[in-house]
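# Chain and residue survey
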Amino acid sequence: MALLTMREALGEAMAEEMRRDSSIFLMGEEVAEYDGAYKVSKGLLKEFGSSRVIDSPISEGGFAGLGIGAAMTGLRPIIEMMTWNFGIQAFDQIINNAAKMRYMSGGQFKVPIVFRGPNGAAHMLAAQHSQNVDPLLANIPGLKVVSVSTPYDAKGLLKSSIRDDNPVIFLESEMLYALKGEVPEGEYLIPLGEADKKKEGQDVTLVTWGKITHKALQAADECEKLGISVEVIDLRTLRPLDEEAIFRSVRKTNRCVVVEENWPFASVGTHIADRVQRECFDDLDAPVIRVSQEDVPVPYAENLEEEVLPSVEKIVRAIQTVSYRI
Amino acid sequence: MSVKISEEKLFSFYEEMLFYRRFEERVLRAYTQRMFAGFCHVHIGQEAVCVGIQGLLEAHDYVLSGYRSHTQAIAKGLSAASVFGELLGKATGCSKGKGGSMHMFSEEHRFLGGNGIVGAQAPLAVGAAFSLKYKKQKNISVCYLGDAAMNQGAVFEAMNMAAVWCLPVLFVIENNQYGMGTHIKRVTSVDSLAKRALAFDMEHSSVDGMSVVSVYEHCAPIVEKMKKTGAPYLLEVNTYRYKGHSVSDPGLYRSKEELESYQARDPLIQAETILLQSKKFTKNQLEELNQKVKEKVKKAEEEALSAPFPEKEEAFKDVFVS
């Protein structure tokens with residue numbers, strides 16, 4: 001095992017895959033000569049050269065579309081969005097072309113492409129730079145959506161995403177790029193669509209994904225001290241969703257809290273809550289509770305930002321509420 | 001290099017244009033008889049554009065277009081029956097009945113659609129050209145755009161990338177002057193759309209799109225040069241659509257005189273005149289050809305009509321590569 005940061009794990013995943021398959025190229029803003037805005041692509045230009053690691057103009061819709069056209073004609077692009085906030089510029093290409101091309105063409109074209117970059121609020125970046133795109137893109141049939149919380153998951157899932165023949169939305173976080181974690185030496189893959197139990201527990205199932213997983217784990221530890229044993233399920237992939245992993249845990253604990261960094265209205269959490277109450281109705285001892293961002297744009301001031309994002313305290317309170325121990 | 005079209009070549013182009021005219025007429029008839037619904041945009045009046053340009057292409061060149069693309073798909077090698085079948089929503093349609101009028105596709109023939117979002121095909125066309133360059137292939141990617149698409153951001157972004165990375169995209173503006181009911185001059189600051197290429201230091205020109213001879217002879221050296229240099233090119237083809245934007249559009253925003261002035265320069269009539277003047281073809285021959293073409297179109301329609309609709313399970317297939 002080696003101790004790698006998230007950015008190193010992601011970079012290794014790309015490098016290993018690019019060594020394996022010459023049809024893979026990386027394109028995005030500052031990915032080449034600058035070595036990546038967040039240094040995820042550090043060293044790739046040096047190893048693979050400027051025909052495969054390409055600095056794009058600031059034209060997210062344009063280079064997303066270029067990637068789709070290249071994927072339709074035999075290449076396997078990795079398109080880096082400096083952040084998904086800018087990736088919103090490319091939604092027409094992602095939603096109308098990447099997601100629908102195979103279907104509209106009656107199954108003729110495949111679009112093996114990964115769109116990756118950091119998602120959600122970082123720290124004091126204000127409303128336009130703190131957007132979560134997971135509910136927006138997980139809503140679209142034809143897209144796979146991955147959201148990672150650890151270096152180990154990031155590497156194994158990015159490699160699988162690159163090998164997938166479908167368009168994959170790969171969500172990272174600026175706040176996690178420096179996070180260190182154990183990563184095995186040598187190659188491994190994590191299949192898309194498999195959740196991971198990040199903590200075993202008996203009393204409450206906590207369903208989460210992405211960066212907020214770490215606060216969820218902290219909250220779970222707090223609750224242990226209060227005598228509530230919490231199981232933390234990190235979904236890792238939102239599409240396809242590992243429903244069985246959720247249901248299996250809920251059938252054991254009989255209680256479910258969904259923690260997400262999305263706005264509460266029509267989010268991924270609402271879908272999970274719907275599925276759990278429908279499939280585990282007889283197993284539930286309490287209604288499913290959701291912890292999400294407050295229903296306002298993300299403010300700039302540190303104390304205000306903290307106020308609207310899900311916190312360890314809010315998650316602990318939700319766990320207590322669902323356990324009727326408050 | 002200048003190219004002169006031979007009478008034999010013009011005769012085959014004439015046959016092709018005639019086929020598209022009769023095909024689109026038959027499509028309109030089928031639509032008004034409610035054999036299908038949705039949007040339906042036809043190329044009547046604009047036939048010389050795709051015949052002149054695609055007459056220069058090879059099988060390995062890519063073609064992408066917007067929502068008006070029935071004839072371009074056929075010109076790229078798709079069978080007329082598969083295009084008609086797609087319009088009727090049949091299982092035998094070129095997109096298995098899941099695309100319709102705006103989404104003709106054929107991977108085999110390198111026809112990458114049929115895009116329903118104005119200008120959204122431009123970045124895809126640049127991507128196809130990127131693939132060609134990446135694989136060191138000497139083909140080109142042809143991207144048809146309507147005049148109104150020239151005001152979409154995606155098109156500017158695409159042209160910039162094609163120019164800065166020297167990618168072989170032939171951007172073809174089919175300038176029929178109207179974006180739906182809005183005359184291009186009402187919404188565009190330049191007097192010639194070809195000038196947009198100046199912003200990218202891209203080679204460009206305009207050509208009369210009512211004459212297949214002009215289109216072909218003008219484009220032959222452009223395509224030949226592109227295959228050598230791999231550089232992009234912006235071509236404005238001035239043309240006119242005789243029918244409304246779509247079937248539901250009566251075209252009240254333009255005058256009868258304007259329409260008639262273009263019909264007087266109809267691409268079929270122009271080609272006919274040259275063929276008859278050459279004395280190599282007689283009026284009877286051309287009339288026989290018309291009958292033959294009508295039969296071919298009728299056959300394609302009948303083949304499409306007799307084909308089955310997709311099985312219901314088809315709605316759930318092709319979302320992902322499994």
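In short, a report on the structure.

## Some details on the overall build of chain A
A tally of helices and strands in chain A yields 13 helices and 14 strands. Seen through its principal axes, chain A has C-alpha atoms that stretch 60 × 45 × 40 Å. A total accessible area of about 12,100 Å² is found for chain A, and carbon and sulfur atoms account for 51% of it.

## Notes on the overall build of chain B
Along the backbone of chain B there are eleven helices and eight strands. Taking 322 residues into account, the globule formula puts the C-alpha radius of gyration at 20 Å, and chain B, at 19 Å, falls close to it. Expressed along its principal axes, the backbone C-alpha trace of chain B runs to roughly 60 × 50 × 40 Å. Per-residue burial for chain B yields a buried fraction of 58% across its 322 residues. Residue pairs in contact within chain B that sit at least 24 positions apart in sequence constitute 74% of those at least 6 positions apart. Carbon and sulfur atoms make up 53% of the accessible area of chain B, which totals about 13,500 Å². Here chain B carries 39 positive and 38 negative side-chain charges, and the mean point of each set is 1 Å from the other.

## Examining the interface of chain B and chain A
With 36 residues of chain B at the interface, the matching set in chain A holds 45 residues. When the two sides are added together, the surface that chain B and chain A hide from each other amounts to roughly 3,200 Å², 65% of it contributed by carbon and sulfur. Ranking the residues of chain B by area buried against chain A places Tyr134(B), Phe320(B) and Val321(B) at the top, with a combined share of 21%. One can count zero salt bridges joining chain B with chain A. Where chain B meets chain A, there are 18 residue pairs in polar contact (both at pLDDT 80 or more). Among the elements that line the side of chain B that touches chain A, the one with the most residues is helix H5 (residues 121-134) of chain B, at eight residues.

## Regarding unusual backbone geometry
Going from Arg239(A) to Pro240(A), the amide bond is cis rather than trans, its omega being -5°. With respect to the helices, strands and loops of the structure, Pro240(A) is situated in the loop between strand E12 (237-239) and helix H10 (243-253). A positive phi is found at Met124(A), a non-glycine position, where the angle reads about 55°. In this structure, Met124(A) sits in the loop between strand E5 (114-118) and helix H7 (134-138). Positive phi, normally seen in glycine, also occurs at Arg34(B), with a value near 60°. You can see Arg34(B) is positioned in the loop between helix H1 (7-32) and helix H2 (47-54). In this structure Arg34(B) comes out as exposed when scored by relative accessible area, which is 75%.

Scoring rules and cut-offs
Residues numbered from 1 in each chain as written. Chains lettered and ligands numbered in written order. Predicted model: local features only at pLDDT ≥ 70, side-chain atom pairs only at ≥ 80, totals over all residues. Heavy atoms only, no water. Helix = DSSP H or I, 4+ residues; strand = E, 2+ residues; numbered from the N terminus. Areas by Shrake-Rupley, 256 points an atom, 1.4 Å probe, with all protein chains shown as cover. Rg over C-alpha atoms; globule rule 2.2 N^0.38 Å. Buried < 20%, exposed > 50% of the residue type's maximum accessible area, 1.4 Å probe, protein only. Contact = heavy atoms within 4.5 Å. Lys, Arg positive; Asp, Glu negative; His and termini not counted. Charge placed at Lys NZ, Arg CZ, Asp CG, Glu CD. Buried area = accessible area lost by both parts, 1.4 Å probe. Salt bridge = Lys/Arg side-chain N within 4 Å of Asp/Glu carboxyl O. Polar contact = N/O pair within 3.5 Å; in protein donor to acceptor, adjacent residues only side chain to side chain.

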